[in-house]
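Given next are the chains, with one letter for each unit.
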Amino acid sequence: MPQEIWLALALAAVVLALTAARMFVRTGQIGRARVGPVLGRAADPETAARAAETLGALIRCKTVSHDAPRERAEWVHLRDELKRRYPSVHAAMTRETVGLFSLLYHWKAPDPQGDPLLFCAHLDVVPAESGAWRHPPFEGLIEDGHVWGRGALDCKHLVTCLLEAAELLLRQGFSPTRDIYFAFGHDEETGGAEGAAALAALFAKQNLHFALVLDEGGALTRGALSLRRPVAEVGVSEKGMMNVRLTARSAGGHAAHPPRHTALGRIAEAVCRVEFRPGPARLTPLITDLLTQLAPNLSFSWRFLIANRRLLRRPLLRRLARSGETSWVRTTFAPTTARAGTAPNVLPDTAEAVLNVRLLHGERGEDILVYLRDLFSGLDLEMEVLFSQDPSSVSDYRGAPFAQLGESVRAVFGAVPVVPFLLASATDARRYEPFSSHVFRFCPFVLTPDESARMHAVDERVSLEALGLAVAFYEDLLRRCAGPEAEDSEDLKDPEDPEDREDLKDTEDPEDAKDNTAGPENTESAKDAKDSRDAKTPASAKDAAGGDVRGGPRDAETE
Ligand SMILES: [Zn+2]
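**Some remarks on the environment of L153**
Point 1. Position of L153 among the secondary structure elements: in the loop between β5 (146–148) and α5 (156–171).
Point 2. Each C-alpha atom of the pair L153 and V125 lies 10.0 Å from the other, and the pair is 28 residues apart in sequence.
Point 3. The contacts of L153, once residues within four sequence positions are left out, are E451, R454, M455, E460 and V462.

**Concerning the sheet that holds strand β4 (residues 142–143)**
Point 1. The three strands are arranged β4-β5-β17 in an open sheet whose pairing can be described as antiparallel. Here the strands that pair on one side only, and so sit at the sheet edges, are β4 and β17 (461–463).
Point 2. Of the pairings in the sheet, the one linking β4 to β5 comprises two bridges and is antiparallel in character. Of the residues in β5, the one forming a bridge with I142 is V147.

**A word on the sheet that holds strand β14 (residues 382–389)**
Point 1. With antiparallel pairing, four strands are arranged side by side in an open sheet as β11-β13-β9-β14. The outermost strands of the open sheet, each flanked by one partner alone, are β11 (332–340) and β14. Adjacent strand axes in the sheet meet at a mean angle of 20°, parallel and antiparallel pairs treated alike.
Point 2. One ladder, built from eight bridges, connects β11 with strand β13 (residues 350–359); its direction is antiparallel.

**Quick look at the packing of α5 against helix α15 (residues 464–482)**
Point 1. Close contact between α5 and α15 brings their axes to 8 Å; oriented N to C, the two are set at 55°. As summarised for this structure, α5 and α15 are arranged oblique, according to the angle between their axes. Viewed along their axes, α5 and α15 form a crossing whose handedness is right-handed. Only L467, A470, V471, Y474, E475 and L478 of α15 make contact with α5, whose side of the interface consists of H157, C161, L162, E164, A165, L168 and L169.
Point 2. Within the contact of α5 with α15, the residues separate by chemical class into ten nonpolar, one polar and two charged.

How each quantity is defined
- Residue positions are counted from 1 within each chain, in the order its sequence is given.
- At least 70 in pLDDT is required for a residue's local features to be given in this predicted model, at least 80 for side-chain atom pairs to be given and counted, and no such filter applies to totals for whole chains, interfaces and linings, which use all residues.
- Under the scheme used here, helices are H or I runs from DSSP no shorter than 4 residues and strands are E runs no shorter than 2 residues, and both carry numbers assigned from the N terminus.
- By the convention adopted here, residues make contact when the C-beta atoms placed from their backbones lie within 7 Å.
- Any two strands between which DSSP finds at least two bridges are classified as paired.
- Every axis in this analysis is a line fitted to C-alpha atoms, fitted for helices over the stretch in contact. Angles between the N-to-C directions lie between 0 and 180 degrees.
- Angle categories are assigned with fixed cut-offs, so that under 35 degrees is roughly parallel, over 145 is roughly antiparallel, 65 to 115 is roughly perpendicular, and the rest are oblique.
- By definition, any crossing whose near helix is turned counterclockwise from its far helix by less than a right angle is left-handed, and any crossing with a clockwise turn is right-handed.
- Think of it as three bins: nonpolar holds Ala, Val, Leu, Ile, Met, Phe, Trp, Tyr, Cys and Pro, charged holds Asp, Glu, Lys and Arg, and polar takes everything else, Gly as well.

What follows is the structure, given as structure tokens:
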């Protein structure tokens, strides 16, 4: 072999070795969190029992938001129960009924020092058929250390624990140093158009600005990315949502003489394309931050991928998708309803399906339509947007309010990572974003996958221990943010103050500045997001014309 080739090979080997060395060094720089035992508090049994009794009573009020017309008596009963069970709260605060059955409590500070706080939850629940339940869904039974019933986890437990904490504080003579509001909507499960919307209108009329808004959303979960310890996932933003109706039309006719492609066949193929060719995956600045903050607690292979995400973006995205976190890195498309035909021997002249789309930041409704048009080319479908909502803004998770929330989590639940999180679902909190730069979605409950699966399903339940801890969490947070021992309003700076927004300024991409709280760490990820936006339309969508559905389940893991 000529000497030049040897030289070139040696040089390549040196470059390779240096690159590998750098990758290991970067991985080492992440560091490893010391995995000690998570030493959380134990719940006070008396508090837990009292909260359980109240939650049981609230569950017995059948406040199902899908009922039309709503059962007025059930809502009145719920209001009375709250008043009876929390006498100090109702003596110290004003309570206003807003937008039919929503409730707004106002706890005035004698001498307010800074912007008020807003705590939210909702009083309504989704329907429940009692057939498959171990205990009837609207009896609020307490058994096996749990309160059973619809609303136990979504989310009458939050209403209970918030007011329980306030009642305890009042009995101890606590007086807040800033105003505190509790807003409980009555139609969150059907979109919040009456409740949260009316509450938001009221806040606007009163020109309110909150130092912190806390609603339902994330929780302390186990199992994300094979993590064995619980992680407090605090929602700082929500994905967008769209419902798109696809319609295929044909001449119809006798089923004995079908054409090559029927209306139903074309809709079926569209659904297959959606499932077998998921959109492109990419890392947004928020998810990059989430991964970076989780990294010290993850295995070496995860840390290696995260530390070297610029070089190993594809393997990282593939692994995230495989580990069940697809929604973190891509816009998802779920076919949810379909309709066609009237008789077994008649060709339908129309067939339709509805896609529920959850949009990742950086994508808007019009981008999705362009993508779908490309994906369905050759199928001759009509598309109609039934509902469209862009991703929500990203709250500031670098400021004092997020840090204080984290302090309260650790004070009660022990040394757990507290990370900013993206919600794939929608909450009332989105409507309160105009009133604060610190809108967080977090339920102070440790949720196993089994418990999460019971929400909106059968056998919804919550443990007494968990209720007691949640009361302790809210008590801690209220003291921390609005107590005399709080380091005053300095601690929760006014987010409107440009000084406080310094950390929101240093993105490279002005578009990203709108929907992320990028700091120096994020400049790289902001670029990542831009790169992947540029390469948004997947190659697979381009060769979709023609019609055969290629690919299979394996495709679901490719970008
Ligand atoms: Zn809910």
